[in-house]
Amino acid sequence: MHIISQYPTLDARLYHQQQPSPLMGAKAGHFNQALAEQLQWSAADQAQWVEICSGQQTFPEFTPLAMVYAGHQFGQWAGQLGDGRGVLIAQVIQTDGQTTDLHLKGAGKTPYSRMGDGRAVLRSVIREYLAGHALTALGVPSSNAVGFTSSTQAVQREQREPGAMMLRSSDCHIRLGHFEWINQYAPDLLKDFVDHCITWHYPACLTAEQPVLAFAQQVIQRTAIMIAKWQLCGFAHGVMNTDNLNITGSTLDFGPYGFMERFRPSWINNHSDHTGRYSYKQQPSIGHWNLWVWVNNLIPLAAADEKESFKKDLVACLAHFEPTFLEHYRLGLCEKIGLPDFHKDSFDCAMAFLNILQSEQLDYSQSFILLQQQHYQKLKDDCLNTRAFDEFLIQYQQIRSGQDTATLDAKMQQVNPVYILRNHMLQTAIELAEQDDFSEVDRLFQLLSQPYTRQADLERAADLAPLPSDQPEIMVSCSS
Ligand code: AMP
Ligand code: MG
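Everything in this summary refers to the structure shown in the same document. Not measured: the values here are computed from a predicted model. (Residues numbered from 1 in each chain as written. Chains lettered and ligands numbered in written order. Predicted model: local features only at pLDDT ≥ 70, side-chain atom pairs only at ≥ 80, totals over all residues. Heavy atoms only, no water.)

### Quick word on the overall build of the chain
Here is step 1: Of the regular secondary structure elements, the chain holds 18 helices and 13 strands.
Here is step 2: In terms of overall dimensions, the chain is globule-like: its C-alpha atoms have a radius of gyration of 23 Å, near the 23 Å expected for 480 residues.
Here is step 3: Dimensions along the principal axes, computed over C-alpha positions, put the chain at roughly 65 × 60 × 45 Å.
Here is step 4: When burial is assessed residue by residue, the chain has 57% of its 480 residues classed as buried.
Here is step 5: When contacts within the chain are restricted to residue pairs at least 6 apart in sequence, long-range pairs at least 24 apart make up 70% of them.
Here is step 6: Surface summary for the chain: the accessible area is close to 19,500 Å², and the carbon and sulfur share equals 51%. (Helix = DSSP H or I, 4+ residues; strand = E, 2+ residues; numbered from the N terminus. Rg over C-alpha atoms; globule rule 2.2 N^0.38 Å. Buried < 20%, exposed > 50% of the residue type's maximum accessible area, 1.4 Å probe, protein only. Contact = heavy atoms within 4.5 Å. Areas by Shrake-Rupley, 256 points an atom, 1.4 Å probe, with all protein chains shown as cover.)

As structure tokens, this is what we get:
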């Protein structure tokens, strides 16, 4: 593994170097060997993955550090935050030049822990471990994890729970909230910080006429694309605070997230989200709001006499968010439903299908699978308003007639997951893991490695089962 030290070259006010505090009584949870190999972990490191994923062993080439950042939480300025329970333990450069951060989560207190204990519970570690893996396999930009360990050390939340530690991988841990911290507490660092962000993460922008604007445009574009992909696979992040979004548009910090079962756009998965700020349907506009906060933090980079024109340029960059999101969402939805994106009625027809799913409370992912398998009667049997379904089907078949349906159907199969990470699947895996049985974590890990392929040997009936109509969706607590 080729370890580099990028972040420690920044001003020391931006981080605190410290070793992780090891997890007592650590034991193996799960190891993502394919990812370790992709990151070129040596055989010796792979053999010691439990020690590495429990903070007992670090890499001599990198001095671990906790980053400081700030953020807006639920739309309110929250002041200084930072890695309160995690440390960056390596930055890895792969043969293709791609860099990956390895961040140990649950690694003990740091100067940024505030009232927290610096620990993570097994329940939340398994949720993050499987979600990062699931999104990655679905093709949604996301953090992932090399492995996690469990322990005999209990952690106090609403009740005592087993503690755990996870080694997260991400292409970037620089959050929108980093810029907020700098402007609030160390504004002299802004220019150098932005220069480094561009050099490390968007080197192509260095040769642009205005590198900072090119950088802003890229961050905005990647965030819009990430959120379009979330919407398409029915993922609700749950806590889209500015400290939980990074500058590379890859999903970070899984808390009370969920994969949509019944199609209900106003669905809220986060138990603490009383107003629905972070509901599924709000995600695009919250993404835009977060980026608006972020571009405001770039304004100090302009000289006094150029501020007004720089602001206008930033506003113009931000104006690309909505069309970028809509275009990716529209194209993706046409693929999901098997209609040609160039046909003027395809998007409306797809919307009619979503309206049916919403009013009939049908399962989002399974309904697309039924459509792909042309089980139209089965879909209709689940509808009370069969007229609406018939009208949809007539238009759907009209648009498809005369088109290259073989290609459309092949694409449908590639983009509609058979398996999504349903809350009840997670729940079963967590309950067993709390009894030291990680077999269900492993089964889900394997199943979700190939979400688009039916795996009869691994699958259980409940993996495909829509939520019974009399059963409310589970809401997930923020405590982690
Ligand atoms: P999150 O909601 O997990 O994104 O966390 C928000 C902030 O609270 C981050 O700065 C975390 O590092 C911090 N935090 C969350 N849980 C803990 C904990 N148990 N101990 C210390 N800090 C924590
Ligand atoms: Mg966070």
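### Focus: helix 14 (residues 386-400)
Here is step 1: In this model helix 14 runs 21 Å from its N-terminal to its C-terminal C-alpha over 15 residues, within 8% of the 21 Å that 1.5 Å per residue would give.
Here is step 2: Those residues of helix 14 lying buried are Phe 389, Phe 392, Leu 393, Tyr 396, Ile 399 and Arg 400. Axial view of helix 14: buried residues confined to an arc of 130°, hence all on one face. Facing away from the buried surface of helix 14 by more than 90 degrees, the exposed residues are Arg 387, Ile 394 and Gln 398.
Here is step 3: Summarising the contacts, the buried residues of helix 14 are in contact with helix 10 (321-337), helix 11 (346-360), helix 12 (364-372), helix 13 (376-381) and helix 15 (405-415).
Here is step 4: Directly beyond the C-terminal end of helix 14, a positive phi value near 80° is found at Gly 402. (Expected span 1.5 Å × (residues − 1). Arc of directions from axis to C-beta.)

### As for the coordination of the magnesium ion (ligand 2)
Here is step 1: On the protein side, the magnesium ion (ligand 2) has Asn 244 (OD1) and Asp 253 (OD) as donor atoms, found 2.0 to 2.1 Å from it. Taken as a pair, Asn 244 and Asp 253 share a single burial class, namely buried. (Donors = N, O, S within 2.8 Å, 3.2 Å for Na, K, Ca; no water.)

### Quick look at the environment of Val 239
Here is step 1: Relative to the helices and strands, Val 239 is located in the loop between strand 12 (235-236) and strand 13 (258-259).
Here is step 2: Along the chain, Val 239 and Phe 254 lie 15 residues apart, while their C-alpha atoms are 8.0 Å from each other.
Here is step 3: When near neighbours in sequence (up to four residues on either side) are disregarded, Val 239 contacts Phe 74, Asn 244, Pro 256, Asn 270 and Tyr 278.

### Some words on helix 5 (residues 176-185)
Here is step 1: For helix 5, the tally of buried residues reaches seven of ten residues, placing the bulk of the element in the interior.
Here is step 2: Those residues of helix 5 not exposed but buried are Leu 176, Gly 177, His 178, Phe 179, Glu 180, Trp 181 and Ile 182.
Here is step 3: Residues of helix 5 that are buried in the fold lie against strand 4 (65-67), strand 5 (70-73), strand 6 (76-80), helix 6 (190-201), helix 7 (211-233) and helix 8 (283-296).

Fair warning: the whole summary comes from geometry, so function is off the table for now.
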